[in-house]
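Structural features, examined
So the chains spell out like this:
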2 protein chains.
Amino acid sequence: MPFVYFYLLQIDHFGFLEDGTFKQRYLVADKHWKPPGGPILFYTGNEGDITWFCNNTGFMWEIAEEFGAMLVFAEHRYYGESLPFGQESYSDSKHLNYLTSEQALADFAVLIQNLKSTLPGAQHSPVISVGGSYGGMLSAWFRMKYPHVVVGALASSAPIWQFPGMVPCGEFYKIVTQDFARSGHNCDANVRKSWNAINNVSSSASGLQWLSEEFSLCTPLKSPVDVIVFKGWLQETWVNLAMVDYPYEANFLQPLPPWPIQVVCKYLGFDSTVTDHQLLHGVSQAAKVYYNYTGSASCLNTSQTATGSLGLLGWFYQACTEMVMPMCTDGVQDMFEPEQWNFQAFSDECHAMFGVRPRADWAGTVYGGKDIASHSNIIFSNGGLDPWSAGGVTHNLTGPLVSIMIPDGAHHLDLRYSNDRDPPSVREARSLEVKYFKQWIKEAKKTP
Amino acid sequence: MPFVYFYLLQIDHFGFLEDGTFKQRYLVADKHWKPPGGPILFYTGNEGDITWFCNNTGFMWEIAEEFGAMLVFAEHRYYGESLPFGQESYSDSKHLNYLTSEQALADFAVLIQNLKSTLPGAQHSPVISVGGSYGGMLSAWFRMKYPHVVVGALASSAPIWQFPGMVPCGEFYKIVTQDFARSGHNCDANVRKSWNAINNVSSSASGLQWLSEEFSLCTPLKSPVDVIVFKGWLQETWVNLAMVDYPYEANFLQPLPPWPIQVVCKYLGFDSTVTDHQLLHGVSQAAKVYYNYTGSASCLNTSQTATGSLGLLGWFYQACTEMVMPMCTDGVQDMFEPEQWNFQAFSDECHAMFGVRPRADWAGTVYGGKDIASHSNIIFSNGGLDPWSAGGVTHNLTGPLVSIMIPDGAHHLDLRYSNDRDPPSVREARSLEVKYFKQWIKEAKKTP
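Residues numbered from 1 in each chain as written. Chains lettered and ligands numbered in written order. Predicted model: local features only at pLDDT ≥ 70, side-chain atom pairs only at ≥ 80, totals over all residues. Heavy atoms only, no water.

1. Points about the overall build of chain A
The line we're drawing: Numbering goes from the N terminus for both helices and strands, where a helix is a DSSP run of H or I of at least four residues and a strand is a run of E of at least two. For the radius of gyration, the atoms used are the C-alpha atoms, and the globule rule reads 2.2 Å times the number of residues raised to 0.38. Only protein chains enter the accessibility calculation, which uses a 1.4 Å probe. A residue is then buried if its area is under 20% of the maximum for its type, exposed if over 50%, and partly exposed in between. What makes two residues a contact is simply this: any of their non-hydrogen atoms within 4.5 Å. Using the Shrake-Rupley algorithm and a 1.4 Å probe, accessible areas are obtained, with residue cover drawn only from the displayed protein chains. Charged residues are defined here as Lys and Arg on the positive side and Asp and Glu on the negative side; His and the ends of the chain fall outside this count. Working definition for charges: the position is that of NZ of Lys, CZ of Arg, CG of Asp or CD of Glu.
A tally of regular secondary structure across chain A gives 15 helices and ten strands. A compact globule built from 448 residues should have a C-alpha radius of gyration of about 22 Å, and chain A, at 22 Å, falls within 12% of that. Viewed in the frame of its principal axes, chain A has a C-alpha envelope of about 70 × 50 × 40 Å. Considering chain A as a whole, with its 448 residues, one finds that 61% of them fall into the buried category. Once local pairs closer than 6 in sequence are excluded, the contacts in chain A between residues at least 24 apart make up 70%. With the model as given, the accessible surface of chain A reaches about 17100 Å², and the carbon-plus-sulfur share is 52%. Computed over 29 positive and 43 negative side-chain charges, the inter-centroid distance for chain A is 7 Å.

Pasting the structure below:
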């Protein structure tokens, strides 16, 4: 078990008017650390409670001994217990103003420099940043912006190219669809059909009641708006399943069986003669695989799709400012209702919700978009099953940048604890990652 | 003559609450530009009016044709005509809050990306940043933080290490002293003596009057505080002379003769038997070389030491926030009254003046301090006569980082128009710089 610490950080690193500080939480496990100079593996926390990421990043725990490494897991500001303004942190756009990736990276840099200057034996410890998903983006960006702080970075399932103009907006949902297509006969086709079936059934009051009962909804559907929310919730369910389509029983977003999409698809194998009600019965059984694998849910809640350890509101704010990630569907190459990417509508929603407007081009300007060739010592690993690989760095780059594909992997599978049912591709990925870590540490030790 | 343009930029790149924009001024000279793909030489403006820097950066003008290059000179926010809040920009710490180097670099990045996406033929133009002094620091940092925007940087006389803990605080004034020592017999010794002479003479009312008349001061000295200001003004005069000790007549900080310190030292060659009044007469003659070479000054003003094109107040604010540059004197290795570096006193002054406190470690954290080896394509050029070389990168670094010393050069001599009286070392420096520019451009054209 790691020790829990807090460190005082500037609320605003980029301006001097706001001179307040806040306590950032970070976890340290130094059981295997070999000072002086033993490396530090530093998890760049993402949008949620750091203890949850800590528990879901077994890779770091498993290699600590081999590296004689200290593990540090730093919580991202505005999530978990690292709230710059306590309970007021989310109260308005004024308090939310310091929730940006740039501030988070500066937090990590200041924290590491403090650790190195105060921990006996850490002064010359090479630091490698590790992160998954948005945390993986931070890990890569950290190496790009603070190469004097980290000697290298592992960016697992990090969609650093899921920004306007960098990748086609439809790729993400295409991959979700492919996962369903390969997991059971007619599975994607039946999901594609289900939206019309929902539209048909929900057009009458009795249909709404039937749907609500069939899906064991905690709050029955009453209006067309409820149906839109319901469809959005189902869509997100299929996306989440694609993210966590792991080969073994796991509990990341939800407790799930091995290869959960295969289990889901068992309920979605109808041929073309199925009725709307039959189809939707199958869909409800499928959804319950995701929401009630343990059998403990008394009803399904359409306002939540994943663990409460994620800070959804904070992530919405980040998506509404810097993290503008265009997504779209066409219903042909994917199994969803067609919906174009509409930046203006998105911007208006953001303004209504937070009083701020997203800046579509900023992430590309500040982090370089596809122009990252001048950087070094970053591993981009991606899973072939993971929809986020659509915005990831999945082709090989120049020398000191590495892309590793894990064809049978879902969302940052490589960062998880190893498992007997791990596919060979993720075992290989992890051993490559270890190889690069060793190389970076060796290089760093050579530099005076 | 360049064309003058303005471009709308976010006042705050790092937060979304302040969504206002301001007009940044930039100058463009495209007479020799060869589109498509001709390079862009981009001057990263520093603390002053951009037209003044533009006129004092002849190097760019002289190489434009050879490179088929477009010249762009971008004004730094809060200086010249690029005022985020117009006349209110300096009114208080709230309006000054967006005056930081990070915001300025983001301005440059956004401007360049806009130029490249809107100017026909510029899309694939490699951009090289060029700057001197603080502008040179920005130029280097720009390449470090935005390597996807600029393929290389020339950082001339850029004291990127003049921050706490990086170089000894006394080096700066030691170099000033060496310049005087080498420019005339006893010259540094007599300046060293002059402080006591001033203290002695100024201890009586008649002495104050004599001093005021001797130095033709616009405002006569009345009090001990006036004498402190007077000594500070003289000290800054000697520093400025060291910065602009050029081999030919020039007008950068002031209109001056060739090798101005040699001219100054003609009045400071006394042997040890000189009286206080004789010595100070010499000092006044020396000061008038700096303040009245043209003969047009009717009196000397102790509240100003250089051209009004520099934005002193803005620079004070920057020094009081990020740009914390420790300086000290001991009166032994330098020719000044001993004064230790006192961060707390400095911080208190800053707080009294602007309501903000400097952050001593921030510049090192964000820009890497002495740990810059992972960057590439930056030339650090320094003049041996220039006191700012004390905080500069003056020794050779790893492969793609280059340090060029110009032993006979003062402050960014290499950036000035060439002159028949240029020492060979600056000619060599400029041709090396051209060589590296060509190499970076060639490399950039090879990259897809």
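Further notes follow.
2. Points about the interface of chain A and chain B
Short version of the rule: Defined here as a combined quantity, buried area equals the accessible surface (1.4 Å probe) lost by two parts on assembly, summed across both. Criterion for a salt bridge: a side-chain nitrogen of Lys or Arg within 4 Å of a carboxyl oxygen of Asp or Glu. By the criterion applied in these results, polar contacts are pairs of N or O atoms within 3.5 Å in which, for protein atoms, one can donate a hydrogen and the other can accept it, and in which residues neighboring in sequence qualify only through two side-chain atoms. The residue classification treats Ala, Val, Leu, Ile, Met, Phe, Trp, Tyr, Cys and Pro as nonpolar and Asp, Glu, Lys and Arg as charged. All others, Gly included, are polar.
Contacts between the two partners involve 39 residues from chain A and, on the opposite side, 39 residues from chain B. Interface area, chain A with chain B, both sides summed: about 3300 Å², of which 58% is carbon and sulfur. Three residues stand out in chain A for area buried against chain B, namely A:Phe14, A:Phe16 and A:Arg359, and they jointly supply 26% of the buried area on that side. At the boundary of chain A and chain B, one finds two salt bridges. The salt bridge involving A:Asp19 is made with B:Arg359; its shortest N-O contact spans 3.2 Å. Remark: the boundary between chain A and chain B carries 21 residue pairs in polar contact (both at pLDDT 80 or more). Only α3 (93-96), α4 (101-118), α5 (134-145) and α14 (362-367) of chain A provide two or more residues apiece to the side of chain A that touches chain B. Looking at the side of chain A that touches chain B residue by residue, the classes come out as 14 nonpolar, 14 polar and eleven charged.

3. Concerning the state of the cysteines
What counts is decided by this rule: Only a pair of cysteine sulfur atoms within 2.5 Å qualifies as a disulfide here.
All told, the structure shown has eight disulfides over all chains when counted by the stated rule. Two residues, A:Cys169 and A:Cys328, share a disulfide whose sulfurs are 2.0 Å apart. The sign of the 90° torsion about the S-S bond sets the A:Cys169-A:Cys328 disulfide as right-handed. On the criterion of sequence distance, the pair formed by A:Cys169 in the loop between β6 (152-156) and α6 (171-181) and A:Cys328 in the loop between α12 (312-319) and α13 (343-354) is long-range, its members being 159 residues apart. In this model B:Cys218 forms its disulfide with B:Cys299; the gap between the sulfur atoms is 2.0 Å. Residues B:Cys218 and B:Cys299 are joined by a disulfide whose S-S torsion is about 95°; by sign, that bridge is right-handed. On the criterion of sequence distance, the pair formed by B:Cys218 in the loop between α8 (205-214) and α9 (224-243) and B:Cys299 in the loop between α11 (276-291) and α12 (312-319) is long-range, its members being 81 residues apart.

4. What to know about empty space enclosed by the protein
Defined as follows: For each structure, a 1 Å grid was placed over the protein atoms alone; sets of points admitting a 1.4 Å probe that cannot get out are labelled cavities, open sets with protein on both sides within 12 Å along at least five of seven lines are labelled pockets, and lining residues have an atom within 4 Å of a point. Grid points are joined across faces, edges and corners, and a volume is the space filled by probe spheres set on the points.
Taken as a whole and judged by the stated rule, the model has nine cavities of 30 Å³ or more. The computed volume of the largest cavity comes to approximately 180 Å³. What lines the largest cavity is a set of 14 residues, and nearest its centre among them are A:Phe14, A:Glu102, A:Lys145, B:Phe14 and B:Lys145. Breaking the lining of the largest cavity down by element, the ones donating at least two residues are α4 and α14 of chain A together with α4 (101-118) and α14 (362-367) of chain B. Looking at the lining of the largest cavity residue by residue, the class counts come to ten nonpolar, no polar and four charged.

5. Section: the nonpolar core
Note the following rule: Buried Ala, Val, Leu, Ile, Met, Phe, Trp, Tyr and Cys residues form a nonpolar core when they are joined through side-chain atoms within 4.5 Å.
Counting 309 residues, the largest nonpolar core has A:Trp238 and B:Trp238 as its most contacted members. Dropping the residues within four chain positions of it, B:Trp238 is found in contact with B:Val176, B:Phe180, B:Val191, B:Trp195, B:Val264, B:Val283, B:Ala286, B:Ala287, B:Met335 and B:Phe336.

6. Here we look at the pattern of salt bridges
One pass over the full model with this rule turns up 20 salt bridges over all chains. A:Asp107 is the partner of A:Arg77 in a salt bridge, and the nearest nitrogen-oxygen pair spans 2.7 Å. Remark: A:Asp107 occurs in helix α4 and A:Arg77 occurs in the loop between β4 (70-74) and α3; sequence separation between them is 30 residues. A relative accessible area of 0% places A:Asp107 in the buried class. Here B:Asp49 and B:Arg25 are joined by a salt bridge, their closest N and O atoms 3.2 Å apart.

7. Let's talk about the relation of the copies chain A and chain B
In this arrangement, two copies of a chain are superimposed by a rotation about an axis accompanied by a shift along the axis. The criterion, for reference: When the copies are superposed, the least-squares fit draws on C-alpha atoms of residues that have pLDDT of at least 70 in both.
Once chain A has been moved 0.0 Å along the axis and rotated by 180°, it coincides with chain B to within an RMSD of 0.0 Å. Both copies of the chain, as the preceding transformation shows, are related through a two-fold rotation axis. Distance from the rotation axis, computed per C-alpha, reaches its smallest value in chain A at A:Lys145: 2.9 Å. Most of the interface of chain A is mirrored in chain B, where 100% of its interface residues are also at the interface.

8. Here we look at the pairing of β4(A)
Residue and element names in this part refer to chain A. Quick reminder of the rule: When DSSP finds two or more bridges between two strands, those strands count as paired.
The element β4 is extensively covered by neighbouring structure, given that five of its five residues are classed as buried. Of the two faces of β4, both are covered, the one formed by Met70, Val72 and Ala74 as well as the one formed by Leu71 and Phe73. Summarising the sheet, strand β2 (residues 21-29) and β4 pair through four bridges and their orientation is antiparallel. From the neighbouring strand, valine 28 faces β4, where its bridge partner is valine 72. Bridge count for strand β3 (residues 40-44) against β4 is five bridges, and the pairing is parallel. In the sheet register, isoleucine 40 faces β4, and the bridge partner there is methionine 70.

9. What to know about α12(A)
Among all positions in α12(A), only A:Gly314, A:Trp315, A:Tyr317, A:Gln318 and A:Ala319 are buried. For α12(A), the secondary structure elements touched by its buried residues are α3, α4, α5 and α13 of chain A.

10. Examining a nonpolar patch on the surface
Residue and element names in this part refer to chain A. We count it as follows: Exposure above 30% relative accessible area and the lack of any salt bridge qualify a residue for a patch; like charges then connect within 9 Å, and the nonpolar side chains Val, Leu, Ile, Met, Phe, Trp and Tyr within 5 Å.
Together, Leu312, Leu313, Phe316 and Met353 make up a nonpolar patch on the protein surface, roughly 370 Å² of accessible area in all. Among the elements that line the nonpolar patch, the one with the most residues is α12, at three residues. Topologically, leucine 313 is positioned in helix α12.

11. A short note on the confidence of the model for chain A
Detailed conclusions should not be drawn from predicted coordinates in areas where pLDDT is low. Defined as follows: For every residue, the predictor states its confidence as a pLDDT score lying anywhere from 0 to 100.
For chain A, the average pLDDT comes to 96, and 100% of its residues sit at 70 or higher. Prediction confidence for the complex, expressed as pTM and ipTM, is 0.97 and 0.95 respectively.

12. Some details on the pairing of strand β9 (residues 378-383) of chain B
Regular strands place their side chains on alternate faces of the sheet. Residue and element names in this part refer to chain B. Counting buried residues along β9, six of its six residues qualify, which places the element largely inside the surrounding structure. Taking every second residue as pointing to the same face, both faces of β9 are buried, with Ile378, Phe380 and Asn382 on one and Ile379, Ser381 and Gly383 on the other. Note: strand β6 (residues 152-156) against β9, four bridges, orientation parallel. Looking at β9, one finds that leucine 154 is bridged to isoleucine 379. Sheet topology note: the β9/strand β10 (residues 401-406) ladder contains six bridges and is parallel. Opposite isoleucine 378, over in β10, you have leucine 401 as the bridge partner.

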